[in-house]
Amino acid sequence: MKVTIDGQSIEVEPGTTILQAARMIGGESVPPAMCYYSKLKGSGGKCRCCLVEVTKGSDADTRPMPKLMASCVTGVMDGMEVKSITSERVLDARKSVTEFLLINHPLDCPVCDQAGECDLQNLSFKHGSANTRYIEDRRTFEPENIGDNIQLHMNRCILCYRCVMTADQLTDNRVHGVLNRGDHAQISTYISKAIDNEFSGNMIDVCPVGALTDKTFRFKSRVWFNKPYNAHRDCDKCCGKTTLWMFGDEIQRVTARKDEYHEVEEFICNECRFEHKDPADWVIEGPRKFEKNSVINQNNYTRDMKPVKIETEKNILLGRDEDRKKISMSEVPLKGQEKKEFKEGNV
Ligand code: SF4
Ligand code: FES
């Protein structure tokens, strides 16, 4: 089947979607996708970011499609012609969809762990407008604890359903899902059950925004200060192939390896993700290359680089010893301890 996207033609297998065909062509014509995830069955069709204009339905029926189509769930027809980045209508629609997604999403990028690798941040950068027209109150939620490893910030969720599908397709006892509907829809766990399944950590990787983040990495560093390395270990639960996010020789977090569309190559287990933070546990293969425009590339070091030693005063990095002592209050006896020590001293 032949499809032409923004004037570039490609032959594809029947059953290929417009988005998949665009990804085969690559470059600027690839529509953004916030809910479609090639590794998850049935994903897509929720966020409407990937809208395109079909200017010719097929060779058999040359009429254009009247509405903009979600490219992730629209199959290619032989002779189809599509406009993506070259269509004013599409660019307008992407702008509006971005505005809608940001209606309830807080602009808390400065304190969000997803900043720097957030699909919504990238979408807003490309298609967002500088001002909001929204004057109503934003949605708020009571904080909810969904387990030891995953932090849920429901107000950042864009209801893409990726995490629900990950839990459905990767774990055998899904305990969370979308509860309620419309403005009240939210990701939650049934009867406040914790998510402790062996593959539940993958929900962090598939979440396009900062709604599900890694508790073991929380507020440790901005992602662009970390150096990602490909590494592997022998694991009997998953492929064991990961990306280690290092600061110096400290592993600050472990994620699955992601491709240029920010989708994981292979899902990994919770043991690899959360329990192996010692470099000795891993065979480090080398620096990970980031194809996608990313702030992580700010510190791109895939070129040849020598080890760097930071020459600076210890005080600048750690503060003065006496101040640290005061802050830790090591010499101030805690309430209750005083008596005990006094008693013990007298005995
Ligand atoms: S928590 Fe994240 S992955 Fe789950 S539905 Fe919300 S935005 Fe999507
Ligand atoms: S990526 Fe197509 S609708 Fe979300």
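This one's a predicted model, so the numbers in the text were calculated from it and none came from an experiment.

So, the UniProt feature "domain: 4Fe-4S His(Cys)3-ligated-type" (unreviewed entry) in the chain
- The positions that UniProt labels "domain: 4Fe-4S His(Cys)3-ligated-type" (unreviewed entry) are, in the present scheme, residues 89-128.
- Within the segment residues 89-128, helix and strand shares are 62% and 0% respectively, and the terminal C-alpha atoms sit 15 Å apart.

A short note on the sheet that holds strand 13 (residues 283-287)
- On the basis of which strands lie adjacent, the open sheet formed by four strands has the order 12-11-10-13 and antiparallel pairing. A single partner strand is all that each edge strand has here, and the edge strands are strand 12 (250-256) and strand 13. Each strand of the sheet is rotated relative to its neighbour by a mean of 35°, with strand direction disregarded.
- Sheet topology places strand 10 (residues 227-232) next to strand 13; four bridges connect them, and they run antiparallel. When the bridges of strand 13 are listed, Tyr229 appears paired with Pro287.

Some thoughts on the pairing of strand 8 (residues 186-189)
- Across four bridges, the pairing between strand 7 (residues 176-179) and strand 8 is antiparallel. Within strand 8, the position partnered with Val178 by the bridge is Ile187.
- The turn linking strand 7 back onto strand 8 is made up of six residues, and Asn180 within it adopts a positive phi angle of 65°.

Considering the environment of Arg273
- Relative to the elements of secondary structure, Arg273 occurs in helix 6 (residues 270-274).
- Separated by 31 residues in sequence, Arg273 and Thr242 have C-alpha atoms that sit 8.2 Å apart.
- Once residues lying within four places of it in the same chain are set aside, the contact partners of Arg273 are Gly201, Val254 and Ile268.

Things to note about the site of ligand 1
- By nearness alone, 14 residues border ligand 1, and Cys157, Cys160, Cys163, Cys207 and Ala211 come closest of all.
- Each residue belonging to the shell around ligand 1 can be placed in one class, and the counts come to 13 nonpolar, no polar and one charged.

Quick notes on the confidence of the model for the chain
- Scored by pLDDT, the chain comes out at a mean of 86, with 86% of its residues at no less than 70.
- Contacts from residues 339-347, a stretch scored under 50 in pLDDT, to residues over four places away or in other chains number one contact.

Comments concerning the nonpolar core
- Counting 49 residues, the largest nonpolar core has Ala33, Met34, Cys50, Ile158, Met203, Cys207 and Leu212 as its most contacted members.
- No fewer than three residues from each of domain 1 (2-86) and domain 2 (105-217) sit in this core.
- With 12 residues, the next largest nonpolar core counts Ala231, Ala256, Val264 and Cys269 among its residues.

A closer look at helix 3 (residues 119-127)
- Within helix 3, the full set of buried residues consists of Asp119, Leu120, Gln121, Asn122 and Leu123.
- Considering only its buried residues, helix 3 is in contact with helix 2 (88-104).

Rules used throughout
Residues numbered from 1 in each chain as written. Chains lettered and ligands numbered in written order. Predicted model: local features only at pLDDT ≥ 70, side-chain atom pairs only at ≥ 80, totals over all residues. UniProt positions renumbered as here; feature names shortened; annotations may be inferred. Helix = DSSP H or I, 4+ residues; strand = E, 2+ residues; numbered from the N terminus. Pairing = 2+ DSSP bridges. Axes fitted to C-alpha atoms, helices over the stretch in contact; angles between N-to-C directions. Contact = placed C-beta atoms within 7 Å. Near = placed C-beta within 6 Å. Nonpolar A, V, L, I, M, F, W, Y, C, P; charged D, E, K, R; others polar. pLDDT = per-residue confidence, 0-100. Core = buried A, V, L, I, M, F, W, Y, C linked by C-beta atoms within 7 Å. Buried ≥ 20, exposed ≤ 12 C-beta atoms within 10 Å, placed from the backbone. Domains from an automatic or database assignment.

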